[in-house]
Amino acid sequence: MKVTVWNENLHEKMEERVTELYPGGLHAYIAGFLVDEGIRVRTATLDDEECGLPEEVLADTDVLVWWGHMVHDRVPDEIVDRVQRHILSGMGLVVLHSGHHSKIFRRMLGTTCNLKWRDGARERIWTVKPNHPIAKGIPETFALECEEMYGEPFVIAEPQETVFMGWFNGGEVFRSGCTWVRGNGRIFYFQPGHETNLSFQNEYVQQIIRNAVQWACPIRRVELDCPHVEALENV
């Protein structure tokens, strides 16, 4: 399996705490816990040529993991078009935390993906679909002592499956782990992962992302078009 972890890589330049928690940046840290004998991981950032997502990289990517926050608008539309085409042909997409407002996630869902938010909450995540592959090895519930609160209503297309629900100490709830299928591509959104919190260091958060990458990996890639075909004989 070939995974590309994308990160806009701006908080790392502006906030010392981010690189203290995640040396090398969020992209490097996430790539580090995804590396496995059967997984090859590369990273890409906004600063790279073509945002690190030229045609040859996407063609060689089974699953794209996306983290963005501050400058979603700086990703050119032609890059979004390219990523969308690869998702429709089968490339998986795993969107993390504030990537809910990324151009590609909003494009694939066709909605604003708006939500309520506030800083510094305690979150308890509940596994509401325990037999789902993304929930493998995850307990019924686990807590994150400090995470950014995301609350309903979450303006998304109706999920195919809601695997995890988040509850916050202000009483808010949130569909924190959801799946969709678009064309031949599988999409998973997972809410934890604020850049100055410890969520990506949590063993269960890491396991969920590893599971999601496995789940989103395509069996094969199929370009979608509308060819004219001859009728089959002797059917």
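For the structure, see preceding data.
Residues numbered from 1 in each chain as written. Predicted model: local features only at pLDDT ≥ 70, side-chain atom pairs only at ≥ 80, totals over all residues. Heavy atoms only, no water.

Caption draft 1: Structural view of the sheet that holds strand 6 (residues 141–151). Read across the sheet, nine strands follow the order 2-1-3-4-9-8-7-5-6 without closing on themselves; strand pairing throughout is mixed. One side of each edge strand has no neighbouring strand; the edge strands of this open sheet are strand 2 (40–45) and strand 6. Strand-to-strand twist of the sheet, defined as the mean angle between neighbouring strand axes without regard to direction, takes the value 25°. Pairing of strand 3 (residues 63–67) with strand 4 (residues 92–96) involves five bridges; the strand directions are parallel. Within strand 4, the residue paired with Val65 across the bridge is Val94. (Pairing = 2+ DSSP bridges. Helix = DSSP H or I, 4+ residues; strand = E, 2+ residues; numbered from the N terminus. Axes fitted to C-alpha atoms, helices over the stretch in contact; angles between N-to-C directions.)

Caption draft 2: The arrangement of the nonpolar core in detail. Counting residues in each nonpolar core, the largest one holds 36 residues, and the members touching the most others are Trp6, Leu53, Val83, Phe105 and Trp180. Breaking this core down by element, the ones donating at least two residues are strand 3, helix 5 (77–89), strand 4, helix 6 (103–109), strand 6, strand 8 (173–182) and strand 9 (185–190). Apart from the residues within four sequence positions on either side, Leu53 is in contact with Thr4, Trp6, Ala44, Leu58, Leu64, Trp66, Ile79, Arg82 and Val83. (Core = buried A, V, L, I, M, F, W, Y, C linked by side-chain atoms within 4.5 Å. Buried < 20%, exposed > 50% of the residue type's maximum accessible area, 1.4 Å probe, protein only. Contact = heavy atoms within 4.5 Å.)

Caption draft 3: Quick look at the pairing of strand 4. In terms of burial, strand 4 is a largely internal element, five of the five residues being buried. Of the two faces of strand 4, the one holding Gly92, Val94 and Leu96 and the one holding Leu93 and Val95 are both buried throughout. Following the chain from strand 3 across helix 5 to the adjacent parallel strand 4, one finds a crossover that is right-handed. Bridging between strand 4 and strand 9 involves four bridges; their strand directions are parallel. The residue of strand 9 that forms the bridge with Val94 is Phe188. (Right-handed = clockwise from strand over helix to strand, strands pointing away.)

Caption draft 4: Representation of the environment of Val222. Among the structural elements, Val222 can be located in the segment after helix 7 (203–216). Each C-alpha atom of the pair Val222 and Val181 lies 14 Å from the other, and the pair is 41 residues apart in sequence.

Caption draft 5: How the structure looks around the packing of aromatic side chains. For the structure shown, the criterion picks out 12 aromatic pairs. Geometrically, the ring pair formed by Phe164 and Phe190 is tilted, given 5.9 Å between the ring centres and 55° between the ring planes. Taken together, the residues Phe164 in strand 7 (residues 161–168) and Phe190 in strand 9 connect sequence positions 26 residues apart. Across the pair, Phe190 and Phe164 agree in class, each one buried. (Phe/Tyr/Trp six-rings, centres within 6.5 Å; stacked < 30°, edge-to-face > 60°.)

Caption draft 6: Spotlight on the pairing of strand 7. Where strand 5 (residues 116–127) and strand 7 come together, five bridges link them in antiparallel fashion. Across the sheet, residue Arg124 finds its bridge partner in strand 7, namely Trp167. Note: strand 7 against strand 8, five bridges, orientation antiparallel. If you follow Thr162 over to strand 8, its bridge partner there is Cys178.

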